[in-house]
Amino acid sequence: MTKKYTGVGVNVSLLEKFSEDERFEGMVFYDGLDDAFIGVGWRFNVGPIAVYDRKKVIEILGEDMSQEDAEEHFDFNVIGGWVGDFTPMFVELQDDIEM
C-alpha cells in the first residue's frame, strides 16, 4: 500500500508531493516503496535525496517473493542500481541493527 499525503481533500504520492517544491528538484523515488520512505538526506554537494528504511523496503519486496529472494533483489537491483547523483539512500535504523 502506498503512503498518501492528504491535502485539501486530495491524496498525492511522494513524487507528486515533492515535485511541487523546487527545493526537492531532481529527487528520485522508487515505485511501490512509499511506505518505506523516511525522509530526505543530503551528501556533500549532492541533495536532496530520498531516504528509505532498508528493513521496510525488504518487507515490501517480500510481499511478492520469498524473504531470501527479497533480500537478494534488494542487494543486487535496488542498492546495486545507481541512477545518478540523486540515487536514493537506504538506512538501517538503530533499533534494527543486531550487535
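Residues numbered from 1 in each chain as written. Predicted model: local features only at pLDDT ≥ 70, side-chain atom pairs only at ≥ 80, totals over all residues. Heavy atoms only, no water.

1. Details of the overall build of the chain
Then comes step 1: Of regular secondary structure, the chain possesses 3 helices and 5 strands.
Then comes step 2: Reading the secondary structure of the chain in the N-to-C direction produces β-β-α-β-β-α-α-β.
Then comes step 3: Summarising the internal contacts of the chain: among those between residues at least 6 apart in sequence, 43% fall at separations of at least 24.
Then comes step 4: Carbon and sulfur atoms form 50% of the exposed surface of the chain, whose accessible area is close to 6,900 Å². (Helix = DSSP H or I, 4+ residues; strand = E, 2+ residues; numbered from the N terminus. Contact = heavy atoms within 4.5 Å. Areas by Shrake-Rupley, 256 points an atom, 1.4 Å probe, with all protein chains shown as cover.)

2. Digging into the pairing of strand 3 (residues 37–43)
Then comes step 1: By the bridge criterion, 5 bridges tie strand 3 to strand 4 (residues 46–53) in an arrangement that is antiparallel. Each bridged residue has a counterpart across the sheet, and for Gly39 the counterpart in strand 4 is Val51.
Then comes step 2: Where strand 3 hands over to strand 4, the hairpin turn is made up of 2 residues, of which Asn45 adopts a positive phi near 60°. (Pairing = 2+ DSSP bridges.)

3. Focus: the sheet that holds strand 3
Then comes step 1: One open sheet accounts for 3 strands, arranged 3-4-5; its pairing is mixed. Each edge of the open sheet is held by one strand with a lone partner, namely strand 3 and strand 5 (89–91). Going from strand to strand, the sheet's axes swing by 35° on average, the running direction of each strand aside.
Then comes step 2: Contacts from helix 2 (residues 54–61) reach strand 4 and strand 5, with the element oriented near 60° to strand 4. (Axes fitted to C-alpha atoms, helices over the stretch in contact; angles between N-to-C directions.)

4. Some remarks on the confidence of the model for the chain
Then comes step 1: For the chain, mean pLDDT is 85; residues scoring 70 or higher make up 88% of the total.
Then comes step 2: Here strand 1 (residues 5–7) stands out as the least confident element of the chain, with mean pLDDT 41; helix 2 is the most confident, with 96.
Then comes step 3: Segment residues 1–10: pLDDT under 50, and 17 contacts once partners within four positions in sequence are set aside and those in other chains are kept. (pLDDT = per-residue confidence, 0-100.)

5. Side note on the pattern of salt bridges
Then comes step 1: Evaluation of the coordinates by the stated rule reveals 2 salt bridges.
Then comes step 2: The salt bridge partner of Asp21 is Arg23, with a shortest N-O separation of 2.5 Å.
Then comes step 3: Since its relative accessible area comes to 23%, Asp21 is described here as partly exposed.
Then comes step 4: For Arg23, a relative accessible area of 61% translates into the label exposed.
Then comes step 5: Where Lys56 meets Glu59, a salt bridge forms, and the shortest distance between an N and an O atom there is 3.9 Å. Highlighted residues: Lys56 and Glu59, both in helix 2, separated by 3 residues, approximately one helical turn.
Then comes step 6: By relative accessible area, which is 29% here, Lys56 ends up partly exposed.
Then comes step 7: With relative accessibility at 39%, the residue Glu59 sits in the partly exposed group. (Salt bridge = Lys/Arg side-chain N within 4 Å of Asp/Glu carboxyl O. Buried < 20%, exposed > 50% of the residue type's maximum accessible area, 1.4 Å probe, protein only.)

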